[in-house]
Amino acid sequence: MRYVRFFIFSFYKELLNKIRYPINTVFGIIGWWVIFLLLFLGINIFGPSLFEGDGQVNLIKGYILWFMVMANLQEISDFISEETKIGTISFLFVQPIGFSWIVFAKVINKFIIISLELVIILFAIMLSIDKYVVFNKLYVVVVLVSMLSIWGWALILGGISLLIQKIDSIVSIISITFSLIAVIPKEKFYLKIIFPFSYGMDLIYSIDANMYSIMQLIRTREFIMGTISSLAILLFGLFVFSLCKKTAIRKGIIGYY
Amino acid sequence: MDVLNRAEDIGEEIVLSIDGLSKRYYKTKKMTFALKDISFRVRQGEIVGLLGANGAGKTTIIKCLTGLVKYDSGEITLNSFKIPEQQKHALNDVAIVLEGNRNLYWRLTVMENIRYFLSLRKMGKPDEKSIDEMLKRVSLHNDKHTLVEKLSRGMQQKLNIAIALLCKAKLIILDEPTLGLNIIANHEIVKLLQEIKLQENSILVASHDMSLIESIVDRVVLIKNGGMLVDTDVKSLRQLFTSTAYRMCVENKHNTTLQRIIDDITSKYGSIVIDGTNENMWQFIINIYDKSSRENAIELMSYFLANDIDIEKFERETPDFQHIVSRLLSRELES
């Protein structure tokens with residue numbers, strides 16, 4: 001019961017943060033609004049070459065997925081850096097609920113909030129310009145499976161940030177790498193499957209091209225391999241995070257900034 | 001270690017037990033001991049002060065016992081659970097206030113902070129009535145919807161302690177609770193901790209604030225350079241010095257040059273400490289460790305009388321706690 005209570009209050013705290021930093025929140029929403037508006041109006045200035053397919057709809061889907069990947073990829077490392085900066089990280093480490101659970105609640109809650117924001121902004125734009133994009137319900141499955149590997153990568157970055165505190169440059173390099181790998185055809189680089197954005201986009205194109213049902217989708221080799229690799233990356237991320245946590249405790253550097 | 005006799009275990013429930021705790025750090029392949037063979041216990045209802053200069057190892061002990069730092073050897077048992085193996089279980093009954101402003105979210109209100117940090121604990125839904133009562137007790141009731149960033153440092157520290165108390169933990173650990181506070185806030189925190197003393201919680205307080213330690217603790221564990229110097233109760237510590245120190249004040253009515261007197265008496269009575277002087281009045285502390293020093297004191301009185309210097313005061317010194325600790329840390333006692 002206490003885990004549920006903590007989870008709910010953690011969600012509430014995330015919302016409070018949105019309210020307590022109003023300028024940042026408003027400008028964040030305006031930024032998304034402008035980008036999506038431009039995408040919906042067909043102005044392809046956001047690097048369509050990065051996304052497979054040349055349609056405006058694909059571009060919008062690609063951007064949404066890319067945004068989800070980037071926002072969640074640095075969530076844990078940002079959280080650790082922020083808590084280290086304000087000085088509360090040591091205090092979170094000594095709470096009986098456990099630091100890992102605090103990180104878990106933070107990641108899930110942030111994912112829910114980002115998803116809600118995206119959905120609301122997208123629908124608001126579609127309504128305001130009377131132009132609609134049809135999203136297949138199976139995209140939700142793709143996003144969730146992609147998230148597993150994103151969280152795996154995020155745990156790796158979070159673990160590193162426990163050791164070296166500031167990892168902005170590493171995150172930037174990984175973000176660029178993810179984006180660049182997306183344009184390589186999967187036939188030429190099969191390891192693409194371990195990069196969440198590339199995998200997700202490929203799967204979305206497959207769903208669109210083949211009009212899969214859920215049962216057909218989960219039987220595809222692409223989906224099975226992608227899910228297995230996502231789970232493997234998540235497990236590897238958990239392992240790396242735990243290792244980095246132990247190293248930081250051994251070295252006594254938790255909370256150093 | 002153990003310069004003074006250690007307090008005997010008296011069979012009460014032991015909340016915290018530290019045995020032979022050691023921690024080493026390596027800096028460019030050079031090994032440094034952060035902690036060396038530290039052992040002490042905290043019993044149910046007892047308030048133990050962890051005292052030492054900056055960098056002595058107080059915070060490292062707290063970090064080791066809360067699992068923030070892995071120690072190299074020794075054993076820590078907290079609420080009957082081993083640290084770090086059973087850390088989560090052990091911390092259920094421990095409330096911690098870490099040093100500095102590290103325990104609160106400044107962009108949340110007082111109530112939001114309380115609710116958030118209580119939600120991290122294994123306890124039922126916090127009862128609004130007891131939260132209100134606690135806020136009244138720490139004089140934060142009118143600020144419960146105020147953002148923490150708008151509170152003074154003293155009020156923030158009171159909130160930290162209020163949260164710790166609301167956890168209803170067996171052991172409260174306070175690391176430098178008065179650090180960075182002004183005199184008024186310091187006084188308020190000391191007063192609050194004195195009130196807590198009347199409850200059943202055990203408290204381990206690490207500080208180099210002597211007045212805080214003196215006013216609230218039952219027992220002192222003195223740390224120096226990572227090693228343990230003393231583990232004893234405050235009364236014994238004070239008694240040890242009460243019986244050996246005398247203070248003498250003399251009036252310099254003939255304007256005798258200070259330097260001549262100092263030279264004269266220090267050449268004859270080496271154990272005398274000249275504690276303070278002003279234009280007309282000199283104060284001497286005479287530490288009497290043995291018979292010869294006592295004779296020195298009598299001789300010194302004779303010296304002043306012979307030089308027509310009036311003795312204004314000759315009294316047993318009530319030792320200042322800070323003085324006691326300073327002397328212990330400067331290894332005066334060991335010599």
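For the structure, check the block above.
Presented here is an overview of the structure given in this document. (Residues numbered from 1 in each chain as written. Chains lettered and ligands numbered in written order. Predicted model: local features only at pLDDT ≥ 70, side-chain atom pairs only at ≥ 80, totals over all residues. Heavy atoms only, no water.)

**As for the overall build of chain A**
Alright, step 1. The helix and strand inventory of chain A stands at 11 helices and 0 strands.
Alright, step 2. Start at the N end of chain A and walk to the C end: the helices and strands fall as α-α-α-α-α-α-α-α-α-α-α.
Alright, step 3. Relative to the globule expectation of 18 Å for 257 residues, the C-alpha radius of gyration of chain A, 19 Å, shows essentially globular dimensions.
Alright, step 4. Seen along its three principal axes, the alpha-carbon backbone of chain A occupies a region of about 50 × 40 × 40 Å.
Alright, step 5. Evaluated residue by residue, chain A yields a buried proportion of 52% over its 257 residues.
Alright, step 6. Residue pairs in contact within chain A that sit at least 24 positions apart in sequence constitute 76% of those at least 6 positions apart.
Alright, step 7. Taken as a whole, chain A presents about 12,100 Å² of accessible surface, with 73% of it coming from carbon and sulfur.
Alright, step 8. Charged side chains in chain A number 21 positive and 14 negative. The centres of these two groups are separated by 9 Å. (Helix = DSSP H or I, 4+ residues; strand = E, 2+ residues; numbered from the N terminus. Rg over C-alpha atoms; globule rule 2.2 N^0.38 Å. Buried < 20%, exposed > 50% of the residue type's maximum accessible area, 1.4 Å probe, protein only. Contact = heavy atoms within 4.5 Å. Areas by Shrake-Rupley, 256 points an atom, 1.4 Å probe, with all protein chains shown as cover. Lys, Arg positive; Asp, Glu negative; His and termini not counted. Charge placed at Lys NZ, Arg CZ, Asp CG, Glu CD.)

**Description of the nonpolar core**
Alright, step 1. By size, the foremost hydrophobic cluster in this structure holds 169 residues, and its most contacted members are Phe36 of chain A together with Leu16, Phe40, Ile114 and Leu204 of chain B.
Alright, step 2. Among the nonpolar cores identified, the runner-up in size contains 8 residues, and Met248, Leu300, Tyr303 and Phe304 of chain B belong to it. (Core = buried A, V, L, I, M, F, W, Y, C linked by side-chain atoms within 4.5 Å.)

**Considering the pairing of strand β3 (residues 47-51) of chain B**
All names here are of chain B.
Alright, step 1. Of all 5 residues making up β3, 5 are buried, and the element is well covered by its neighbours.
Alright, step 2. Alternating positions in β3 separate into two faces, Ile47, Gly49 and Leu51 on one and Val48 and Leu50 on the other, with burial throughout.
Alright, step 3. Alignment of β3 against strand β8 (residues 202-207), held across 5 bridges, turns out to be parallel. Within β8, the position partnered with Ile47 by the bridge is Ile203.
Alright, step 4. Pairing of β3 with strand β9 (residues 219-224), which is carried by 4 bridges, proceeds in the parallel orientation. The partner of Gly49 across the bridge, within β9, is Val220. (Pairing = 2+ DSSP bridges.)

**As for the interface of chain A and chain B**
Alright, step 1. Every contact between the two is made by 30 residues of chain A and, on the other side, 36 residues of chain B.
Alright, step 2. Taken together, both faces of the contact between chain A and chain B bury some 3,000 Å²; the carbon and sulfur share is 61%.
Alright, step 3. Applying the counting rule to chain A against chain B returns 1 salt bridge.
Alright, step 4. Across the pair Arg20 of chain A and Glu112 of chain B runs a salt bridge, and its minimum N-O distance is 2.7 Å.
Alright, step 5. Summed over the shared surface of chain A and chain B, the result is 6 residue pairs in polar contact (both at pLDDT 80 or more). (Buried area = accessible area lost by both parts, 1.4 Å probe. Salt bridge = Lys/Arg side-chain N within 4 Å of Asp/Glu carboxyl O. Polar contact = N/O pair within 3.5 Å; in protein donor to acceptor, adjacent residues only side chain to side chain.)

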